[in-house]
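Here are the chains, one letter per residue:
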Amino acid sequence: MGIARLADVIKEEAAEAVNSFPLRQYRDRVIALDASIAIYQFRTAMPKLFNRNGENISHLQGLFYRTLHLLENGIKPVFVFDGRPPDLKQPLLARRAEAAGARRDAAESRRAENLPRPLKQDCETLLSYLGVPYVQAPAEAEATCAALVKSGKVWCTATEDMDALPFGSLRLIRHLSSKKNCEVEEISLPDILQKLGMTQEQFVDLYILLGCDYCGKIWRLGPKKALKLLQQHGTIEQVLQNIDPQKHPLPANWDLEGTRRLFLQPEVADPGRITLEWRDPDPEGLVRFLAHEKHMNESRVCQRLQRWQEAQSKPREAQPKQRVPREGRRQRKLGEFFPASKRARPPEVPGPRPSRKRQKLQVGTPGEAGSPDPGK
DNA sequence: CTCGTCC
DNA sequence: TCCTCTGACTCAAGACGAG
DNA sequence: TGAGTCAGAGGAC
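Only a predicted model underlies this, so the values are computations on that prediction, with no experimental measurement involved.

Conventions used here
Residues numbered from 1 in each chain as written. Chains lettered and ligands numbered in written order. Predicted model: local features only at pLDDT ≥ 70, side-chain atom pairs only at ≥ 80, totals over all residues. Heavy atoms only, no water. Pairing = 2+ DSSP bridges. Helix = DSSP H or I, 4+ residues; strand = E, 2+ residues; numbered from the N terminus. Axes fitted to C-alpha atoms, helices over the stretch in contact; angles between N-to-C directions. Contact = heavy atoms within 4.5 Å. Near = heavy atom within 4 Å. Polar contact = N/O pair within 3.5 Å; in protein donor to acceptor, adjacent residues only side chain to side chain. Phe/Tyr/Trp six-rings, centres within 6.5 Å; stacked < 30°, edge-to-face > 60°. Buried < 20%, exposed > 50% of the residue type's maximum accessible area, 1.4 Å probe, protein only. Nonpolar A, V, L, I, M, F, W, Y, C, P; charged D, E, K, R; others polar. Domains from an automatic or database assignment. Buried area = accessible area lost by both parts, 1.4 Å probe. Salt bridge = Lys/Arg side-chain N within 4 Å of Asp/Glu carboxyl O. Core = buried A, V, L, I, M, F, W, Y, C linked by side-chain atoms within 4.5 Å.

### Thoughts on the sheet that holds strand β1 (residues 18-22)
Point 1. Pairing in this open sheet of seven strands is mixed, and the strands run β1-β7-β6-β5-β2-β3-β4 from one edge to the other. Each of the sheet's edge strands pairs with one partner strand only, and the pair in question is β1 and β4 (134-136). Mean inter-strand twist for the sheet, computed between neighbouring axes without regard to direction, equals 30°.
Point 2. Note that strand β2 (residues 30-34) and strand β5 (residues 156-158) share three bridges and pair parallel. Pairing of L33 across the sheet is with A158, part of β5.
Point 3. Against the sheet, helix α3 (residues 58-72) makes contact with β2 and β3 (76-81), and its axis sits at roughly 140° relative to β3, the strand it touches most.

Structure below.
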């Protein structure tokens, strides 16, 4: 809701805070991604892909391809899963459910916001085989992403949702996809605050006035006026004292304090108790899981993995313009990754996750504070 | 690069 | 008058590889 | 779903 409006305000009033960089610029950087959003996109934007068992596997294919693409570019991704939505979001969710239920069956509308459990487990299994860490957020994923960035464990949040900014993510990148020539748009929160002459608290107030997901907005108070009045008076309370309440009625059940608290003191996973660790993808495990268990096209999986391996063995540079001649793309050698039997298929049930490659987000050790160097 | 396919 | 906000509308949203 | 238009109405100057 406030997403578009905030993007407009930033582009108009703080254009300096927005820059574009080629993806290669983010080599060796740790980037947090909202897993639920990504998966939801794969499931909606993609034509439904059903395997032979009638299961929709769009999310697996999408996650597989996109994650490998990030890894090939030297990026260290960490996926953050949504937890329980805050109570303040319930009205919004209810509205969405109602809208969906109006034209679809009730079962689908009940999908609410949280991913179905088996779906999420599949994604976790896939990430484990890819050697990519994931984090379970207690509440909003964007909030935990922001906390990870603030802690220095993560360089930036990659999302299309502007929420990460009021949550305090110092850097936000958009348009992170597998498109060729991908230019990533990076938004700097400190630059925004400086250009707008606002504190983070005032910025949160601005976001609330623009119409965030958690509470209604004030009638006839749009982006221009909201920004001007806030810069002039400092807080929403002060703004309210300087506008005509008749012409600008407040929304019903307007929980200003609650919404502020939600952004400024959100419920997040403690970054100090999270250890992020990346391993090489496990090609054998990926073929077993994706092709044999989930029935993705085996040659596609293998082909993609082979491409990844070739990129790995190549010298670190070699990206700039060096287009590999047609010839360079070797054809498949299917037997490559699973010399051992196809017969050893894992149990059908999601069962215990692959034990050997267990992903580690241990809680306990602050771990090496391998903070991504802020230099550059 | 555009377009058709992925299961 | 011009500026600003609202609301109703439409469309496309992923990633790949063959040609 | 959300993001990009385009119509039009209420305020501001």
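Here the narrative resumes.
### Considering the protein's contact with DNA strand B
Point 1. Around DNA strand B lies a shell formed by P47, L49, F50, N51, I57, Q61, H295, N297 and R300.
Point 2. A distance of 3.3 Å separates a base oxygen of DNA strand B from a polar atom in the side chain of Q61.
Point 3. Take N297: an N or O atom from its main chain is 3.1 Å from a phosphate oxygen of DNA strand B.

### Quick notes on the packing of aromatic side chains
Point 1. Within the structure shown, the criterion is met by seven aromatic pairs.
Point 2. Ring geometry for Y129 versus F289: centroids 6.0 Å apart, planes at 35°, classification tilted. One end of the pair, Y129, is in helix α6 (residues 117-130); the other, F289, is in helix α13 (residues 283-293), and 160 residues separate them in sequence. Here Y129 and F289 have matching classes, each one buried.
Point 3. Linked through ring pairs, F167, Y207, Y214 and F263 together constitute an aromatic cluster.

### A word on the protein's contact with DNA strand C
Point 1. Around DNA strand C, 21 residues are found, and the nearest of them are R66, R220, G222, K225 and R307.
Point 2. When the atoms of DNA strand C within 4 Å of the protein are sorted by group, sugar and phosphate make up 77%.
Point 3. A distance of 3.1 Å separates a phosphate oxygen of DNA strand C from a polar atom in the backbone of R220.
Point 4. Between DNA strand C and R307, the relevant distance is 3.1 Å, taken from a phosphate oxygen to a side-chain nitrogen or oxygen of the residue.
Point 5. For the surface near DNA strand C, the residue count by class is eight nonpolar, four polar and nine charged.

### Regarding the domain arrangement of chain A
Point 1. You can read the domains of chain A as domain 1 (3-195) and domain 2 (198-264).
Point 2. For domain 1 versus domain 2, the separation of C-alpha centres amounts to 26 Å.
Point 3. Counting from both sides, the interface comprises 21 residues of domain 1 and, opposite them, 18 residues of domain 2.
Point 4. Of the roughly 1,900 Å² buried at the junction of domain 1 and domain 2 (both faces included), carbon and sulfur atoms supply 63%.
Point 5. The largest per-residue losses of area from domain 1 upon contact with domain 2 belong to L88, P166 and L193, which jointly make up 35% of the total buried on that side.
Point 6. Inspection of the region where domain 1 meets domain 2 yields one salt bridge.
Point 7. Of the charged contacts in the structure, one is a salt bridge between K224 and E12, with a shortest N-O distance of 2.6 Å.

### Quick look at the nonpolar core
Point 1. Core analysis: the biggest nonpolar cluster contains 44 residues, and F64, L126 and L290 have the highest contact counts within it.
Point 2. Of all elements in the fold, only β2, α2 (35-45), α3, β3, α6, β5, α13 and α14 (298-313) reach the threshold of two or more residues within this core.
Point 3. Apart from the residues lying within four places of it in its own chain, the contact partners of L290 are L60, F64, L126, H295, M296 and V301.
Point 4. If you look at the next biggest cluster of nonpolar residues, it comprises 43 residues, including A143, L189, L209 and I236.

### Side note on the pairing of strand β7 (residues 183-188)
Point 1. Of all the six residues making up β7, five are buried; the element is thus mostly covered by neighbouring parts of the structure.
Point 2. Here β1 runs beside β7; their pairing, made up of five bridges, is antiparallel. Residue pairing across strands places N19 opposite E186, the latter belonging to β7.
Point 3. In this structure, strand β6 (residues 171-174) lies alongside β7, joined through four bridges in antiparallel fashion.

### Details of the environment of Q309
Point 1. One can find Q309 in helix α14.
Point 2. Considering only alpha carbons, one finds Q309 and K11, 298 residues apart in sequence, at a separation of 40 Å.

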